[in-house]
Amino acid sequence: MAMLELKSINLNLGGKPILSNVNIDFWEGHVHAVVGPNGAGKSTLANVIMGLEGYRKVEGDIIFNGTSIKDMGIAERAKLGITLGWQEPARYEGLTVGKFIMASAKDKSVDTAKDVLEMVGLNPEDYLQRAVDKTLSGGERKKVELASILAMRPRLVLLDEPDSGIDVSSLEKIFDGIKLLRSFGSTVILITHSIAVMKQAEHAFLFCGGKLVTKGSADKIEGFFEGECLPCEHKNAPDEGDIYGN
Amino acid sequence: MEINELLQIANEDKILNDKGTAHMTINLNKVVSKNLVPGLHIDTEEMEDGVKAKIVVDEGVVIEKQVHLCFGVTHEQAVQRILMDIDIKKGASISVLSHCVFPRAVHVKHIMDAKIRIGEGAAYTYEEKHIHSEHGGIEVYPKAVVDLDRGARFKTTFELVRGRVGLLDIDYDITGYDESVMEMMSKVSGREDDLIKIREAGSLVGEKARGVLTSRVAVRGNAKAEVYNVLKATAPYARGHVDCKEIIQDNGTATAIPIVEVSNPKAHVTHEAAIGSVDTKQLETLMSRGLDEEEAVELIINGLLS
């Protein structure tokens, strides 16, 4: 059954349409990929679902487990179990990895923080007391963020470009994290333009120019994305019209 | 009783039982406990409104265990003046943790006036933590003049994040000669009508002298902060950096005036200053994990001041 329903979502920013008439159902306990080239509106969609500042004035409705969350703030949505992993996670001067993770965790114990760090391949002894600041590499911050999400045990998690800044050897740990989230029963939405990330999903939604172009099984969409979308030189300007005639 | 109260508040009561750890506790104008270790000398003179203390570390002596000082006032109203004369001799090394504890202060003025000489190749680390009452009537005036000989190292951290600040007026002047290193860090959290003034001035007058002045301040309510950092480099290969970050909430006001002055073409000093509210991405990340805005702000500020 649909856990999250996007109904006729429209968003204009700076007078330009960024998302146009988006209708999607995301299924409980499944892994979904929202794919498309840069500028397609994928991250915007994630920000709209999370209710970030600047992304709240949308037309249409967002239904989570049968209840409209459109007018809820970020914290309210998070308390329902919705969370977001940023493409480039925030840095915090002085805030330790341990405290950062425990702030997110349902069970705010050091043991939980240690467990989730191990899940993402970081040694707790090395990381618990380190600050979530510029001394961590982009890949380490990404893993720490994923650890904090695992600690939260969310019902719905949006991961924006989960492979961004991650080296090949670490990518498997991120994919393991996605599998763990699914095993916890979380619904996962991956925002990506990477085929490797898309392969982690069961269902995919292809975006272009702020519009949903097509949807289907991830296998089916992968072929279309690779064959038709990636080679396309279309610049995704939202005012160029619907090139697919949808 | 007074010793125990002060040390318990500072979570330092166990040091009384450790004869291998040097310590000194002062309540208002009385030295209420003192323990020394070889090579460390502390001579004190009680005054009507405070204590004079001369601290000497003998040449080449390395004090292995951190020395604990506690300056307290258990009264509601008082003036406490601490005059410190510190001499770290050539090649010596000492680390000091100092607690300034004013648990019941309503109108208390605490004046710390220190003259510090750090000899050639010597190292002095000084960490000062304040624990104040919730009254805003406390006035704190830490003042220090520090001279660093060739190759000397001085690292100081001033922290006032527990209780109300009241009025804080820091005034440090440090001069660094050849190959010396100075590091100054201030962390202060103000609220209601607290007033925070920080003036830190470093002069890198010796070749290859290095210095970093860092300030981290948070102001909420109607609190005000003025941070004035000056770093001057006049010698070749002197290197320095000034770094000030202030977070404001509510009606708080913050001012940062970083001044860097270089008068030798082979010297290099940089600065950065940032004042503003809590970063949106930091805030939204924590809120997306289920924290309320107030909890998220608290966590971010506590991290910055930790």
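Residues numbered from 1 in each chain as written. Chains lettered and ligands numbered in written order. Predicted model: local features only at pLDDT ≥ 70, side-chain atom pairs only at ≥ 80, totals over all residues. Heavy atoms only, no water.

K.L.:
Whenever I open this one, the packing of aromatic side chains confuses me. Can you help?
P.N.:
Two aromatic rings are characterised by how far apart their centres lie and by the angle between their planes. This structure, assessed with the given rule, holds four aromatic pairs over all chains. On the basis of an interplanar angle of 65 degrees and a centroid distance of 5.3 Å, the ring pair of Phe-26 of chain A and Phe-205 of chain A is categorised as edge-to-face. Here Phe-26 of chain A, found in strand E2 (residues 16–27), pairs with Phe-205 of chain A, found in strand E9 (residues 203–208); they are 179 residues apart in sequence, far enough to count as distant. Exposure class is identical for Phe-26 of chain A and Phe-205 of chain A. Each is buried. Look at Tyr-124 of chain B and Tyr-126 of chain B: their rings are 6.0 Å apart centre to centre, the planes differ by 40 degrees, and that puts the pair in the tilted class. The exposure class of Tyr-124 of chain B is buried, given its relative accessible area of 4%. For Tyr-126 of chain B, a relative accessible area of 9% translates into the label buried. Pairwise contacts between aromatic rings join Tyr-124, Tyr-126 and Phe-154 of chain B into one cluster. (Phe/Tyr/Trp six-rings, centres within 6.5 Å; stacked < 30°, edge-to-face > 60°. Helix = DSSP H or I, 4+ residues; strand = E, 2+ residues; numbered from the N terminus. Buried < 20%, exposed > 50% of the residue type's maximum accessible area, 1.4 Å probe, protein only.)

K.L.:
I would appreciate a short explanation of the layout of surface pockets in the present structure.
P.N.:
If you roll a probe as big as a water molecule over the atoms, it shows you where there is empty space left. Volume-wise, the largest pocket comes out at about 830 Å³. Taken together, 30 residues make up the lining of the largest pocket; nearest its centre are Glu-93 and Lys-134 of chain A together with Arg-216, Lys-245 and Leu-304 of chain B. Tallied by class, residues from the lining of the largest pocket come to 11 nonpolar, eight polar and 11 charged. Around the second largest pocket, the lining is made up of 17 residues, and of these Val-161, Ile-301, Asn-302, Gly-303 and Leu-305 of chain B lie nearest the centre. Mapped by element, the contributors of at least two residues to the lining of the second largest pocket are strand E11 (153–162) and helix H3 (293–304) of chain B. Here the element with the most residues in the lining of the second largest pocket is H3 of chain B; it accounts for five residues. Classifying every residue of the lining of the second largest pocket gives five nonpolar, seven polar and five charged. (1 Å grid on protein atoms, 1.4 Å probe; cavity = no way out; pocket = protein on both sides within 12 Å on 5 of 7 lines; lining within 4 Å. Points joined across faces, edges and corners; volume = space filled by probe spheres on them. Nonpolar A, V, L, I, M, F, W, Y, C, P; charged D, E, K, R; others polar.)

K.L.:
Just to check I follow, could you spell out unusual backbone geometry for this structure?
P.N.:
In terms of backbone geometry, most residues other than glycine have negative phi values and most peptide bonds are trans. All names here are of chain A. For Asn-21, which is not glycine, the phi dihedral falls at a positive 45 degrees. Locating Asn-21 in the fold gives a position in strand E2. For Asn-21, a relative accessible area of 47% gives the class partly exposed. For Asn-65, which is not glycine, the phi torsion reads 50 degrees and is therefore positive. Along the chain, the position of Asn-65 falls in the loop between strand E4 (59–64) and strand E5 (67–68).

K.L.:
I tried to follow the packing of helix H3 (residues 97–104) of chain A against helix H4 (residues 110–119) of chain A on my own but got confused; where do I start?
P.N.:
Between two packed helices, the angle of one axis relative to the other and the distance separating the axes together describe the packing. Residue and element names in this part refer to chain A. In the contact formed by H3 and H4, the axes pass within 9 Å of each other and the chain directions differ by 100 degrees. One element, H3, and the other, H4, form an angle in the roughly perpendicular class. Here Val-97, Gly-98, Ile-101 and Met-102 of H3 lie close against H4, whose contacting residues are Val-110, Ala-113, Val-116 and Leu-117. In terms of residue class, the contact of H3 with H4 is made up of seven nonpolar, one polar and no charged. (Axes fitted to C-alpha atoms, helices over the stretch in contact; angles between N-to-C directions. Parallel < 35°, antiparallel > 145°, perpendicular 65-115°, else oblique. Contact = heavy atoms within 4.5 Å.)

K.L.:
Quick question: what am I supposed to make of the packing of H3 of chain A against helix H6 (residues 138–152) of chain A here?
P.N.:
Residue and element names in this part refer to chain A. Taken N-terminus to C-terminus, the directions of H3 and H6 make an angle of 35 degrees; their axes are 7 Å apart at the nearest point. Considering only the axes of H3 and H6, their crossing is right-handed. Seen from H3, the contacting residues are Val-97, Phe-100, Ile-101 and Ser-104; seen from H6, they are Val-144, Glu-145, Ala-147, Ser-148, Ala-151 and Met-152. For the contact of H3 with H6, the residue count by class is seven nonpolar, two polar and one charged. (Left-handed = near helix turned anticlockwise from the far one by under 90°.)

K.L.:
For this particular structure, what's the right way to read the confidence of the model for chain A?
P.N.:
Close reading of the predicted structure is inappropriate where its pLDDT is low. Mean pLDDT over chain A works out to 90, with 94% of the residues at or above the 70 mark. Contacts of residues 236–246 of chain A to residues separated by more than four positions or lying in other chains number 18 contacts, the stretch itself having pLDDT below 50. (pLDDT = per-residue confidence, 0-100.)

K.L.:
Help me out: how do you make sense of empty space enclosed by the protein in this one?
P.N.:
In total, this model carries five cavities of 30 Å³ or more according to the counting rule given. In this model, the largest cavity occupies a volume close to 130 Å³. Every residue lining the largest cavity is counted, 16 residues in all, and those nearest its centre are Ala-114, Ile-116, Tyr-126, Ala-144 and Tyr-172 of chain B. Counting only elements with at least two residues in the lining of the largest cavity, the list comes to strand E6 (77–88), strand E8 (107–118), strand E9 (123–132), strand E10 (138–148), E11 and strand E12 (167–176) of chain B. Across the lining of the largest cavity, the residue classes tally to 13 nonpolar, one polar and two charged. As a volume, the second largest cavity reaches approximately 90 Å³. Secondary-structure elements contributing two or more residues to the lining of the second largest cavity are H6 and strand E7 (156–160) of chain A.

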